[in-house]
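Okay, here's what each chain looks like letter by letter:
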Amino acid sequence: MTDSEKLLAEMISKLELIKEADIPSIDLYMDQVTTFMDTHLKCRKRFDDDKILTKTMINNYAKNELLPSPEKKRYSKQHIIMLIFIYYFKNILSINDIKTILGPISEKYFKNSKNISLEEIYNTVCDLIKEHLSDIRQDIQQDIEESKSAFTDIPEEDKKFLQLFSLIVSLSFDVYVKKQMIETIVDSLSSEQQSSAAPEKGKEKSKEKARQKPGDKEKNKNAK
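For every chain, the first residue of the written sequence is number 1, and numbering continues from 1 onward in sequence order. Note on the predicted model: pLDDT of at least 70 is required for a residue's local features to be given, and 80 or more for side-chain atom pairs to be given and counted; whole-chain, interface and lining totals, by contrast, use all residues. Only hydrogens and water are removed before side-chain values are computed, so all heavy atoms of the structure are retained for them.

A.B. asks: Go over helix 3 (residues 55-63), please, and point to the residues and values.
C.D. replies: Exposure is judged per residue with a 1.4 Å probe applied to protein chains only, and the accessible area is read against the type maximum: over 50% gives exposed, under 20% gives buried, and values in between give partly exposed. Only DSSP runs of H or I reaching four residues or more are called helices, and only runs of E reaching two or more are called strands; each is numbered from the N terminus. When helix 3 is considered as a whole, its buried residues turn out to be Ile58, Tyr61 and Ala62. Down the axis of helix 3, the sector holding all buried residues measures 95°, keeping them to one side. Summarising the geometry of helix 3, the exposed residues directed more than 90 degrees from the buried face are Thr56 and Lys63. Buried residues in helix 3 make contact with helix 2 (30-41), strand 2 (74-75) and helix 4 (77-89). Of the residues one or two after helix 3, Glu65 is the one with positive phi, at around 65°. Here the arc refers to the directions that run from the helix axis out to each C-beta atom. Contacts are assigned to residue pairs that have any heavy atoms within 4.5 Å of one another.

If you want it as C-alpha cells, here you go:
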C-alpha cells in the first residue's frame, strides 16, 4: 500500500457524520456545545491547535442568520444539527451561500415537524453519505492509480514528486468542478428565493398604503 493509499484509508475512516443518536436531547449552554463539537469532530482537525467551533464563530452564525438564536442562552439538538451542517459547508462555501442553503431549512423545519423533522432530514443525509463513501473511495483510488502511471520514464528523484503533483491536480480539479456545481445550484436557489420574496414585499407595501389615513398622504407631501 502506497502512502497515498494509506492516507485515503485513514481519511475515509474519519468521514462519517456525527450520529443523530449521539447528539444530546437536552439543551446545552455555549461551553457544552463547543466541547461536544470538539470531542466528536477532533479527528477532522488538520493541526492539533485547530478550532472546530468557537463561541465567536457560533455568535457570528446566529448574527448572520445561518443559525437560529438560542433560547435563554441554550442550544437545542436541532441547533447542534444546524452547526454540523455549517461546519462542513464553511470549508467550501461563502457565508451568503450557506445562508441561502440553510435559510429554508431553518424556516421550514427548525422546530417545525408538520411533514418531516430536522432530525429525519439529518438521518436521511447521513444515510446517503454512508452509501456514497465506497464510491468516493473508488474514485480517489482510481486517481491514485492513474497518477502512478504518469511520469514513469523520468528519473526516480523527480518521478515521486510529479506523481503526487498529478494526483493533487486531479483531486483539485474534481473539487473545483463540484464546487462550481454547488455554486450554480445555490445561485438558482437564491434567484428563486428573491422571486418569491418580491410578491410578499409588494403585499406589505399595499397593506401599508391601505393602513394610511387620508390625511397622512397630505402630511407626507408637505413634509417633502
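Now that the structure is up, let's keep going.
A.B. asks: Got a sec to walk through the packing of aromatic side chains? Specific residues and values, please.
C.D. replies: Note on aromatic contacts: the rings of Phe and Tyr and the six-membered ring of Trp form a pair at centre separations within 6.5 Å, being stacked when their planes are under 30 degrees apart, edge-to-face when over 60 apart, and tilted otherwise. For the structure on display, the rule yields 5 aromatic pairs. Both rings, one in Phe85 and one in Phe89, keep their centres 6.4 Å apart while their planes meet at 20°; by these two values the pair is stacked. One end of the pair is Phe85 and the other is Phe89, both in helix 4 and 4 residues apart, which spans about a single turn. Residue class for Phe85 comes out buried when judged on its relative accessible area of 13%. Ring geometry for Tyr87 against Tyr88: centres 5.2 Å apart, planes inclined by 80°, an arrangement best described as edge-to-face. Classification of Tyr87 by relative accessible area gives buried; the value is 9%. Through a chain of ring-to-ring contacts, the aromatic side chains of Phe85, Phe89 and Tyr122 assemble into a single cluster.

A.B. asks: Describe the nonpolar core, naming the residues involved and giving the relevant values.
C.D. replies: To qualify as a nonpolar core, a set must consist of buried Ala, Val, Leu, Ile, Met, Phe, Trp, Tyr and Cys residues joined through side-chain atoms within 4.5 Å. Counting 32 residues, the largest nonpolar core has Met37, Leu83 and Tyr122 as the members making the most contacts within it. Taken together, the elements giving at least two residues each to this core come down to helix 2, helix 3, helix 4, helix 5 (95-109) and helix 6 (118-148). Among the elements that line this core, the one with the most residues is helix 4, at 8 residues.

A.B. asks: Which residues make up the environment of Lys45, and what values do they have?
C.D. replies: Looking at the secondary structure, you find Lys45 in the loop between helix 2 and helix 3. By relative accessible area, which is 22% here, Lys45 ends up partly exposed. Not counting chain neighbours up to four residues away, the residues in contact with Lys45 comprise Asp38, Asp50 and Ile52. Polar contact is the term for a pair of N or O atoms within 3.5 Å; when the atoms are in protein, one must be able to donate a hydrogen and the other to accept it, and sequence-neighboring residues count only if both atoms are side-chain atoms. Of the polar contacts made by the side chain of Lys45, one reaches the side chain of Asp38; its length is 3.2 Å. A distance of 3.2 Å separates the side chain of Lys45 from the backbone oxygen of Asp50, its partner in a polar contact.

A.B. asks: Please give an account of the packing of helix 2 against helix 4 that cites residues and values.
C.D. replies: Each axis is a line fitted through C-alpha atoms, taken for helices only over the stretch in contact, and angles between the N-to-C directions span 0 to 180 degrees. Look at helix 2 against helix 4: their axes get within 12 Å of each other, and the N-to-C directions meet at 50°. With respect to their mutual orientation, helix 2 and helix 4 come out oblique. Crossing of helix 2 against helix 4: the hand is right-handed. Contact with helix 2, carried on its side by Val33, Phe36, Met37 and Leu41, involves Ile80, Leu83, Ile84, Tyr87 and Tyr88 of helix 4 and no other residues of that element. Polarity classes work like this: nonpolar for Ala, Val, Leu, Ile, Met, Phe, Trp, Tyr, Cys and Pro, charged for Asp, Glu, Lys and Arg, and polar for all others, with Gly in that last group. Partitioned by chemical class, the residues of the contact of helix 2 with helix 4 number 9 nonpolar, no polar and no charged. Throughout, the term roughly parallel applies to angles under 35 degrees, roughly antiparallel to angles over 145, roughly perpendicular to angles from 65 to 115, and oblique to all others. By definition, any crossing whose near helix is turned counterclockwise from its far helix by less than a right angle is left-handed, and any crossing with a clockwise turn is right-handed.

A.B. asks: Explain a nonpolar patch on the surface to me, using residue names and the numbers behind them.
C.D. replies: Two distance rules govern patches: like charges are joined within 9 Å, and nonpolar side chains (Val, Leu, Ile, Met, Phe, Trp, Tyr) within 5 Å, applied only to residues with over 30% relative accessible area and no salt bridge. Methods summary: accessible areas were calculated by the Shrake-Rupley approach with a probe of 1.4 Å, and residue burial reflects only the protein chains presented. Salt bridge criterion: a side-chain nitrogen from Lys or Arg within 4 Å of a carboxyl oxygen from Asp or Glu. On the surface, a cluster of nonpolar side chains totalling about 310 Å² of accessible area is made up of Phe161, Phe165 and Val169. Within the fold, Phe165 resides in helix 7 (residues 156-211).

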